[in-house]
Amino acid sequence: MKLYAQLWNSPGLMRVVMAQLLARFPYGMTVLALVMHVQNIFHSYALAGIALGAETICSAISGPLLGRLVGRLGIMRVFIPGALTSIACFLLLGFTPFAEWWVVFLAGLLGFAQPPIQSVARTVYPRLVKPELRSSIFALDATSQELIWILGPVLTTFAVAQVNTVFAMVLMAAIQAFGLLMFLSDKNVRATHIEKTEKQIGHVIKNRTVIIMIVLGTVLVAGFAGMEIPTVALLDRSISGAVVAIFSLGSIIGGLTLGHRTPTKWTVTGFFLLGTIGYTLSLVLPSNPIWLSICWFVGGIAVAPLLGTVNAMISSATTQADALEAYGWLNTGQLLGYSAAAVIVG
């Protein structure tokens, strides 16, 4: 925990962490808000699923592309058009759902236009901390992400229940606008110059460390779908959400207690083993909410530390010019892993 205290005292670091977290907060709301909004307007879960699929696929495609574009054009020239487009998509989805094709188009454009906030933040982090704190900052970054997935759905359901689904779309637009304003106005972000790469797109995944980390990240996130969907299917809906939240709670605790440790050659194996134990034990009493909560808590402990390790190893194995594209491919793998697992498990 002393290392986290040093991070807290690193000049400018926590402002960047909080700004990128706020700017990305709508990501934790989009799935639920988009599905509820489209279903409410068109009374079709099928159309809601298609719209969500379009958003996910386009987001997976844009990650590496926008990462490279930041190196060519700079942060501001990529982020400002992307931010304006994504915010406009939230608002248009809320106020102009006049046709099915229009909703699917807007959802796809929303996914494609979302600025690569996390990739740029991960490029900025190493500049703000001492080299020995690199693993700790990536662990803290992975741990803080859990707040998005815990609080995002809660805020979405509250907004819909108290007002309507249109308000949820407006709320996401407002939060992202404020968060991106904070992020882009930060002097450390503005001062960051991303080196331009002249290599062809995809060259970075020829890096052995990068491709291994992408595969590990894909498998790890695919496990989320393998945990969430059976939990919802096997348990009463009134408690399934709380049981899934236990998983994120375990991840937060794991990140705070284990994530700051310096990685060794057994770190990744150990975290994966811990997660596997949690998943495997769930087969003993799969319909018991208490038992599942325990299993998901154990499995969740490994998540944030493992994601932090993956990000730290990519940072160490790439140049600044390649890091943004590498993080983009990592995001692509995670999105595709979750989607594929959701289909298979479903």
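Structural data are supplied above this passage.
Note that the coordinates shown come from a computational prediction; the quantities given were computed from them, not determined experimentally.

The rules we used
- Residues numbered from 1 in each chain as written.
- Predicted model: local features only at pLDDT ≥ 70, side-chain atom pairs only at ≥ 80, totals over all residues.
- Heavy atoms only, no water.
- Salt bridge = Lys/Arg side-chain N within 4 Å of Asp/Glu carboxyl O.
- Helix = DSSP H or I, 4+ residues; strand = E, 2+ residues; numbered from the N terminus.
- Buried < 20%, exposed > 50% of the residue type's maximum accessible area, 1.4 Å probe, protein only.
- 1 Å grid on protein atoms, 1.4 Å probe; cavity = no way out; pocket = protein on both sides within 12 Å on 5 of 7 lines; lining within 4 Å.
- Points joined across faces, edges and corners; volume = space filled by probe spheres on them.
- Nonpolar A, V, L, I, M, F, W, Y, C, P; charged D, E, K, R; others polar.
- Core = buried A, V, L, I, M, F, W, Y, C linked by side-chain atoms within 4.5 Å.
- Contact = heavy atoms within 4.5 Å.

This brings us to the pattern of salt bridges. Pairs can form between side chains of opposite charge once their charged atoms are near each other. By the definition in use, this model includes two salt bridges. In this structure, Asp186 and Arg15 form a salt bridge, with 3.0 Å as the shortest nitrogen-oxygen distance. Taken together, the positions of Asp186 in the loop between α9 (165-185) and α10 (187-190) and Arg15 in helix α2 (residues 13-24) put the pair 171 residues apart, joining distant regions of the chain. The exposure class of Asp186 is buried, given its relative accessible area of 3%. Judged by its relative accessible area of 40%, Arg15 is partly exposed. Here Arg122 and Asp141 are joined by a salt bridge, their closest N and O atoms 3.6 Å apart. Taken together, the positions of Arg122 in helix α7 (residues 117-128) and Asp141 in helix α8 (residues 134-162) put the pair 19 residues apart, joining distant regions of the chain.

Turning next to the layout of surface pockets. Estimated volume of the second largest pocket: approximately 200 Å³. Lining the second largest pocket we find Gly226, Met227, Pro230, Thr231, Leu234, Tyr279, Ser282, Leu283, Pro286, Leu292 and Trp296. For the lining of the second largest pocket, the elements supplying multiple residues, two or more each, are α11 (208-234) and α14 (289-301). Taken together, the residues that form the lining of the second largest pocket break down as eight nonpolar, three polar and no charged.

Moving on: the nonpolar core. By size, the foremost hydrophobic cluster in this structure holds 61 residues, and its most contacted members are Phe79, Ile137 and Phe183. In terms of residues, this core owes the most to one element, α11, which gives eight residues. When neighbours within four sequence positions are excluded, Phe183 is seen to be in contact with Val16, Ala19, Gln20, Phe79, Ile117, Val120, Ala121 and Val189.

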